[in-house]
Amino acid sequence: SSGNWMIWWLLLWASVSSQFAVLSYTEHSTGGVGVELITEYPQCFRGVTDFDEFLIAAVDIPKPLPQFLRFYKVAKRRLDDISTVAAAMALDLDSHGKVRRARFAFGGMAATPIRSGEAEAAVIDQPWNVAAVERVQQVLDRTLQPMSDHRGSKAYRLEVSKSLVEKFQWEHAR
């Protein structure tokens, strides 16, 4: 349904912001209540991608939140709810500037947002610098398979995604 984009963004935010976010929901048809641990971005929720069957009651995101967290949206109209590319990125660094935890998730690539565990693994225990950005971009080149539509081509979406990783590093370095 048209409101599903808000739910996907909420789940995207929860999966990037915390290692152990918890989703509580109610199923409309049965009245059943459930709780699920969000450890990664769900490709679907309980086997469905349409949330008309469920009412999300709460999303509990334990603190502390990541040290550095950013969300980006690239669209023709800033307030349009459909993004050409969306990205959510988060980092925790140790006292030596090495990455302890990283999250990279992208929307506008496919039917649901995609979290790149391989890109995250490429920077763990490494300094967060230009070389780290290049490693993430190489992973994205290999693993992201964006769709093409009237909002943007596959090549455009991939380049924008890689550029947003650079922007994330630049904002952190300032």
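Report on the accompanying structure. (Residues numbered from 1 in each chain as written. Predicted model: local features only at pLDDT ≥ 70, side-chain atom pairs only at ≥ 80, totals over all residues. Heavy atoms only, no water.)

### Let's talk about the overall build of the chain
At step 1: Across its full length, the chain holds 4 helices and 7 strands.
At step 2: Across the chain, helices and strands are ordered from the amino to the carboxyl terminus as α-β-β-β-β-β-β-β-α-α-α.
At step 3: Counting the 174 residues in the chain, one finds 43% classified as buried.
At step 4: Within the chain, contacts between residues at least 6 apart in sequence are counted, and of these 58% link residues at least 24 apart. (Helix = DSSP H or I, 4+ residues; strand = E, 2+ residues; numbered from the N terminus. Buried < 20%, exposed > 50% of the residue type's maximum accessible area, 1.4 Å probe, protein only. Contact = heavy atoms within 4.5 Å.)

### A few points about the pairing of strand β6 (residues 99–107)
At step 1: By the criterion of burial, β6 is predominantly enclosed, with 8 of the 9 residues buried.
At step 2: In the sheet, strand β5 (residues 85–93) pairs with β6 via 8 bridges, with the strands oriented antiparallel. Within the sheet, the bridge partner assigned to A87 lies in β6 and is F106.
At step 3: Across 2 bridges, β6 lies against strand β7 (residues 114–115) in antiparallel orientation. By the bridge assignment for β7, F106 is matched with I114.
At step 4: Between β6 and β7, which pair antiparallel one after the other, the connecting turn spans 6 residues, and G108 there sits at a positive phi close to 85 degrees. (Pairing = 2+ DSSP bridges.)

### A closer look at the sheet that holds β7
At step 1: Taken in spatial order, the 4 strands of this open sheet run β4-β5-β6-β7, and their pairing is antiparallel. The open sheet has two edge strands with one neighbour each: β4 (68–74) and β7.

### Comments concerning the packing of aromatic side chains
At step 1: This model, assessed by the stated rule, comprises 3 aromatic pairs.
At step 2: Between F68 and F168 the ring centres are 4.8 Å apart and the planes differ by 35 degrees, which places this aromatic pair in the tilted class. A residue pair is termed long-range when its members are at least 10 positions apart, and F68 in strand β4 and F168 in helix α4 (residues 154–173) qualify at 100 residues.
At step 3: By the ring-pair criterion, three or more aromatic residues cluster together here, those being F68, F104, W128 and F168. (Phe/Tyr/Trp six-rings, centres within 6.5 Å; stacked < 30°, edge-to-face > 60°.)

### Quick word on helix α3 (residues 130–143)
At step 1: With 14 residues, α3 ought to run about 20 Å at 1.5 Å a step, and its terminal C-alpha atoms sit 20 Å apart, in line with that.
At step 2: Buried within α3 we find A132, V133, V136, Q137, V139 and L140. Burial along α3 is one-sided: seen end-on, the buried residues are contained in an arc of 160 degrees. Opposite its buried face, α3 presents the exposed residues V130 and R142, each directed more than 90 degrees away.
At step 3: Two to three positions downstream of the cap, the backbone nitrogen of A131 sits 3.1 Å from a side-chain oxygen, assigning the N-cap of α3 to N129. (Expected span 1.5 Å × (residues − 1). Arc of directions from axis to C-beta. Polar contact = N/O pair within 3.5 Å; in protein donor to acceptor, adjacent residues only side chain to side chain.)

### Things to note about α4
At step 1: Look at α4: 29 Å from first C-alpha to last across 20 residues, which is about the 28 Å you get at 1.5 Å a residue.
At step 2: Here the buried face of α4 lies against β4, β5, β6 and α3.

### So, the pattern of salt bridges
At step 1: In total, this model carries 8 salt bridges according to the counting rule given.
At step 2: The closest approach of N and O atoms between E118 and R142, which form a salt bridge, is 2.1 Å. Of this pair, E118 sits in helix α2 (residues 117–123) while R142 sits in helix α3, and the two are 24 residues apart along the sequence.
At step 3: Here the residues in one salt-bridge network are D141, E159 and K162, joined through shared partners. (Salt bridge = Lys/Arg side-chain N within 4 Å of Asp/Glu carboxyl O.)

### Digging into the nonpolar core
At step 1: Counting 26 residues, the largest nonpolar core has M89, F104, F106, W128 and V165 as its most contacted members.
At step 2: When contributions to this core are tallied by element, the ones reaching two or more residues are β4, β5, β6, α2, α3 and α4.
At step 3: Excluding anything up to four places from it in sequence, F104 contacts A88, M89, I114, R115, S116, A119, E120, V123, W128, V136, V165 and F168. (Core = buried A, V, L, I, M, F, W, Y, C linked by side-chain atoms within 4.5 Å.)

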